[in-house]
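If you want the building blocks of each chain, they are given just below.
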Amino acid sequence: MDTARFLETLDREGQLLAAAAEQAGTDAKVPTCPDWQVRDLLRHTGAVHRWAAAFVADRHTEPRPLGESPDLDGPPLVAWYRDSHRRLVDTLADAPPDLACFTFLPASSGTAFWTRRQAHETTVHRFDAESALGGPASPVATDFAVDGIDELLRGFHARPKSRVRTDEPRVLRVRTTDADAVWTVRLSAQPPVTTRDASLDAECELAGPAGQLYLALWNRMPVPAVTGDRSLAALWRETSTV
């Protein structure tokens, strides 16, 4: 997927998030994030949007703390979220493709990184907002979901911060059933090492349609299918929170 596609996705997903939040109301519980109400979701995601936009707009090359969320609620908070999202989309749309700024995963440029990362951030939190409404959620495109699984496994969980670890070496497989995408995750006392292949025998496999598997790996829904040693699936669920 290219940066233009990620930007289109970010734009659409943020609008869907705001619409779901507005319909649900800021008092509504968020079932996928049990400690949150919709107001918490909007404050968090809007603050992340502004934090990300600042790296791009101001060319910051060092990490910066996330800013504070506003003391807003109800319709004014929804409006603040919409403004935060629009600022981010517009900032990324205007950024040069070779922009240099801080990123926390490898990327060809700051523009490419933040557009991709915020597209996935917003999609997962859009699902959270829609969960507050009940009923079916908007679908996640298969190729976008495959990219998101790759970002999660080979990006986030390659970092020293990952808590998905085992005392002895173990092997976990992740496989999409509607796309030609498979990952082998080697677990140990060190951060996981993930490759895009099925080169090793796995003790457990997590499988399903890419859109569902993407959300499951972000702990937003159950894994569609688990085969083999289910304790590895439980380990993922208990320790993979980013």
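Predicted model only: the values in this text are computed from it and were never measured.

Calculation rules
- Residues numbered from 1 in each chain as written.
- Predicted model: local features only at pLDDT ≥ 70, side-chain atom pairs only at ≥ 80, totals over all residues.
- Heavy atoms only, no water.
- Helix = DSSP H or I, 4+ residues; strand = E, 2+ residues; numbered from the N terminus.
- Rg over C-alpha atoms; globule rule 2.2 N^0.38 Å.
- Buried < 20%, exposed > 50% of the residue type's maximum accessible area, 1.4 Å probe, protein only.
- Contact = heavy atoms within 4.5 Å.
- Areas by Shrake-Rupley, 256 points an atom, 1.4 Å probe, with all protein chains shown as cover.
- Lys, Arg positive; Asp, Glu negative; His and termini not counted.
- Charge placed at Lys NZ, Arg CZ, Asp CG, Glu CD.
- Phe/Tyr/Trp six-rings, centres within 6.5 Å; stacked < 30°, edge-to-face > 60°.
- Pairing = 2+ DSSP bridges.
- Axes fitted to C-alpha atoms, helices over the stretch in contact; angles between N-to-C directions.
- Salt bridge = Lys/Arg side-chain N within 4 Å of Asp/Glu carboxyl O.

1. Some words on the overall build of the protein chain
At step 1: Across its full length, the protein chain carries 7 helices and 5 strands.
At step 2: Secondary structure of the protein chain in N-to-C order comes out as α-α-α-α-α-β-β-β-β-α-β-α.
At step 3: For 242 residues, the compact-globule estimate of 2.2 N^0.38 gives 18 Å, and the C-alpha radius of gyration of the protein chain, at 18 Å, lies within 12% of that figure.
At step 4: Looking at the protein chain as a whole, 51% of its 242 residues qualify as buried.
At step 5: A separation of at least 24 residues holds for 66% of the contacts in the protein chain among residues at least 6 apart in sequence.
At step 6: About 11200 Å² of surface is accessible on the protein chain, with carbon and sulfur atoms providing 51% of the total.
At step 7: Each charge sign in the protein chain was given a centre, from 27 positive and 34 negative side chains, and these centres are 2 Å apart.

2. Points about the packing of aromatic side chains
At step 1: Taken as a whole and judged by the stated rule, the model has 11 aromatic pairs.
At step 2: On the numbers, 5.0 Å between centres and 80 degrees between planes, the contact of Phe104 with Phe113 is edge-to-face.
At step 3: A residue is classified by how much of its surface remains accessible, and Phe104, at 23% relative accessible area, is partly exposed.
At step 4: Residue Phe113 is classed as buried on the basis of its relative accessible area of 4%.

3. Some remarks on the sheet that holds strand S5 (residues 225-228)
At step 1: The strand order S3-S2-S1-S4-S5 describes an open sheet built from 5 strands, whose pairing is mixed. With one partner strand each, in any of the chains shown, strand S3 (193-195) and S5 form the two edges of the open sheet. Adjacent strand axes in the sheet meet at a mean angle of 20 degrees, parallel and antiparallel pairs treated alike.
At step 2: On top of the sheet, helix H7 (residues 230-239) reaches strand S1 (170-176), strand S2 (182-187), strand S4 (204-208) and S5; it is set at about 80 degrees to S1, its chief contact.

4. Focus: the pairing of S1
At step 1: Burial analysis of S1 places 6 of its 7 residues in the buried class, which makes it a mostly covered element.
At step 2: Connecting the antiparallel pair S1 and S2 is a turn made up of 5 residues.
At step 3: Alignment of S1 against S4, held across 5 bridges, turns out to be parallel. Looking at the pairing, Val174 lines up with Leu206 of S4.

5. A closer look at the environment of Pro192
At step 1: On the secondary structure map, Pro192 appears in the loop between S2 and S3.
At step 2: Along the sequence, Pro192 and Asp94 sit 98 residues apart, while their C-alpha atoms lie 36 Å from each other.
At step 3: Filtering out sequence-adjacent residues up to four positions away, Pro192 remains in contact with His157, Ala158, Ser162, Val164, Val185, Arg186 and Leu187.

6. Details of the pattern of salt bridges
At step 1: Scanning all chains against the criterion turns up 20 salt bridges.
At step 2: By sharing partners, the salt bridges in this structure join Arg12, Glu13, Arg126 and Glu130 into a single network.

7. Here's the deal with the pairing of S4
At step 1: The buried count for S4 comes to 5 of 5 residues, which makes it a mostly enclosed element.
At step 2: Covered by surrounding structure in S4 are Cys204, Leu206 and Gly208 together with Glu205 and Ala207, the residues of both alternating faces.
At step 3: Strand direction decides the pairing type here: S4 and S5, joined by 4 bridges, are antiparallel. Counterpart to Cys204 in the pairing with S5 is Gly228.

8. Examining the environment of Ala47
At step 1: Relative to the assigned elements, Ala47 resides in helix H2 (residues 38-58).
At step 2: A relative accessible area of 6% places Ala47 in the buried class.
At step 3: For the pair Ala47 and Leu7, spaced 40 residues apart in sequence, the C-alpha to C-alpha distance is 18 Å.
At step 4: Excluding anything up to four places from it in sequence, Ala47 contacts Leu66, Gly67, Ser69 and Trp80.

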